[in-house]
Amino acid sequence: MHRTEKSRTEQNRTLPELLYLLCYTVEKGKFVTTDLQGRGQLLRAGALARLTLDGLVAPQGSKGRKVVRRAGTMPADPFTADVWRGIPTDKPKSWLSQIHDAYTAEQAVREQLVASGAVTVTDKNRLLSPLAGHQVAIKDLQEITELQDRVRSVVLLGADPSTVAVHDLTMAVFAAELEVSSVFSGKERRTHKQALKTLADHFDGLVPGLRAALRDSYLSSRAVGGGWGK
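Conventions and cut-offs
- Counting of residues starts from 1 at the beginning of each chain's written sequence and follows it residue by residue.
- The predicted nature of this model means local features are confined to residues of pLDDT at least 70 and side-chain atom pairs, given and counted, to a pLDDT of 80 or more, with totals for whole chains, interfaces and linings taken over all residues.
- No hydrogens and no water enter the side-chain calculation; it runs on all heavy atoms of the structure.
- Starting at the N terminus, helices and strands are each numbered in turn, a helix being any DSSP run of H or I of at least four residues and a strand any DSSP run of E of at least two.
- The Shrake-Rupley method, run with a 1.4 Å probe sphere, supplies the accessible areas, and residue values consider only the shown protein chains as cover.
- Only protein atoms enter the 1 Å grid used here. Points where a 1.4 Å probe fits but cannot escape make up a cavity, open sets with protein on both sides within 12 Å along at least five of seven lines make up a pocket, and a residue lines them when an atom lies within 4 Å of a point.
- Grid points are joined across faces, edges and corners, and a volume is the space filled by probe spheres set on the points.
- One speaks of a salt bridge when a side-chain nitrogen belonging to Lys or Arg is within 4 Å of a carboxyl oxygen belonging to Asp or Glu.
- Buried, partly exposed and exposed residues are distinguished by accessible area as a fraction of the type maximum, computed with a 1.4 Å probe on protein chains only: under 20%, between the cut-offs, and over 50%, respectively.
- At least two DSSP bridges between two strands are needed for those strands to be called paired.
- Among the buried residues, those of types Ala, Val, Leu, Ile, Met, Phe, Trp, Tyr and Cys that are joined through side-chain atoms within 4.5 Å form a nonpolar core.
- Any pair of residues with heavy atoms lying within 4.5 Å of one another is described as a contacting pair.
- Fitted lines through C-alpha atoms give the axes, limited to the stretch in contact for helices. The angle between two N-to-C directions lies from 0 to 180 degrees.
- Note on convention: near helix rotated counterclockwise from far helix by under a right angle means a left-handed crossing. Clockwise means right-handed.
- Each residue gets one of three labels, nonpolar for Ala, Val, Leu, Ile, Met, Phe, Trp, Tyr, Cys and Pro, charged for Asp, Glu, Lys and Arg, and polar for the others, Gly among them.
- A helix's residues, less one, multiplied by 1.5 Å, set its expected span.
- Relevant arc is that of directions from the helix axis to the C-beta atoms, nothing else.

Asks: So what's going on with the overall build of the protein chain? Which residues, and what values?
Replies: Looking only at helices and strands, one finds 11 helices and 5 strands in the protein chain. Here the protein chain has roughly 11,200 Å² of accessible surface; of this, 50% comes from carbon and sulfur atoms.

Asks: Quick one: what's the story with empty space enclosed by the protein, residue by residue and with numbers?
Replies: For the structure shown, the criterion picks out 1 cavity of 30 Å³ or more. Here the largest cavity defines a volume of roughly 30 Å³. Lining the largest cavity, in full, are Cys23, Thr34, Asp35, Gln37, Arg39, Leu42, Leu178 and Val180.

Asks: Tell me about the pattern of salt bridges, residues and numbers included.
Replies: Applying the stated criterion across every chain yields a total of 11 salt bridges. Here aspartate 204 ties to arginine 211 by a salt bridge, and the two come within 2.6 Å at their closest N and O atoms. On the basis of relative accessibility, which here comes to 21%, the residue aspartate 204 falls in the partly exposed class. Its relative accessible area of 17% is what places arginine 211 among the buried residues.

Asks: Give me the lowdown on the pairing of strand β1 (residues 57-60), citing residues and values where you can.
Replies: Relative to strand β2 (residues 66-69), β1 is paired through 4 bridges, and the arrangement is antiparallel. Bridge assignment links valine 57 to a residue of β2, and that residue is arginine 69. Joining the antiparallel neighbours β1 and β2 is a turn of 5 residues, in which glycine 61 adopts a positive phi near 90°.

Asks: If you had to explain the nonpolar core to someone new, which residues and values would you point to?
Replies: Soluble globular proteins tend to pack their nonpolar side chains together in the buried interior. One finds Phe174 and Leu210 to be the most contacted residues of the largest nonpolar core, which totals 61 residues. Apart from residues lying up to four places away in sequence, leucine 210 is in contact with Ala45, Leu48, Ala49, Trp95, Ile99, Phe174 and Phe203.

Asks: Run through the sheet that holds β1, naming residues and quoting values.
Replies: Neighbouring strands of a sheet are bound in pairs by backbone hydrogen bonds; such pairs are parallel or else antiparallel. Taken in spatial order, the 3 strands of this open sheet run β1-β2-β3, and their pairing is antiparallel. The open sheet has two edge strands, β1 and β3 (93-94), and neither has a second partner.

Asks: An account of the environment of lysine 66 is needed here, citing residue identities and associated values.
Replies: Mapped onto the fold, lysine 66 is located in strand β2. The exposure class of lysine 66 is partly exposed, given its relative accessible area of 42%. For the pair lysine 66 and proline 92, spaced 26 residues apart in sequence, the C-alpha separation works out to 5.7 Å. Each residue touching lysine 66, except ones within four places of it in the same chain, is listed here: Ala58, Pro59, Gln60, Pro92, Lys93, Ser94 and Trp95.

Asks: Now, about the packing of helix α3 (residues 39-53) against helix α8 (residues 166-177): what can you tell me, with residues and values included?
Replies: At a closest axis distance of 11 Å, the pairing of α3 and α8 adopts a crossing angle of 145°. Crossing angle aside, the handedness with which α3 passes α8 is right-handed. Only Val166, His167, Thr170 and Phe174 of α8 make contact with α3, whose side of the interface consists of Leu42, Ala45, Gly46, Ala49, Arg50 and Leu53. By residue class, the composition of the contact of α3 with α8 is 6 nonpolar, 3 polar and 1 charged.

Asks: Before we move on, could you go through helix α10 (residues 193-206) and cite the residues and values that matter?
Replies: A rise of 1.5 Å per residue sets the reference length of α10, with its 14 residues, at 20 Å; its end C-alpha atoms lie 20 Å apart and thus fit the reference within 8%. Looking at α10, one finds that the buried residues are Ala195, Leu196, Leu199, Ala200 and Phe203. Within α10, the buried residues cover an arc of 130° as seen down the axis, which keeps them to one side. Of the exposed residues in α10, those oriented more than 90 degrees away from the buried face are Lys193, Gln194 and Gly205.

As structure tokens, then:
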């Protein structure tokens, strides 16, 4: 299977930062509205996935529906570190509660991308709509295209999950769960339903309970027209 190599710049991105950039629609030159709803949850789920894979949080219960924080070295990524500090060490909390507290997630990750020079932001008037609060410009559109192509290939070419880099696996699975149109069309999700299920099952073995909670959080916020960050 042909795979696009990661650029040196992308190798320095955190998983939440990659998930943020993944939602950009290059052809339209913007983040389309449908891909903004639920993005805060998406970014927190990315941080939680990384923390679990690094052994800094642990799923609890027979189906992994709850999570506790483990002792360890604080993550270098400020956003991921903040998510980690908010997880209790004694009484397990549900994945859903940790994902759904996402209102400030976009701002935190966006500020990191601004600081690294990946994006620039122009503030707009938020009085008319909270969705019109920021105009984000991407510095390197090729990076976005290559990122999306690589994540898409995991699904469209039917990759063996065990051979897929964990960040790519996570992005593919999460993009499908949140129906991110910059990555997969609705037709592609239907056509490759079995491949997506295989990837999702593999991810669930690595991080039990998180994917289902992300989907539930997204659907619950979408049903009431919520889920917008700032």
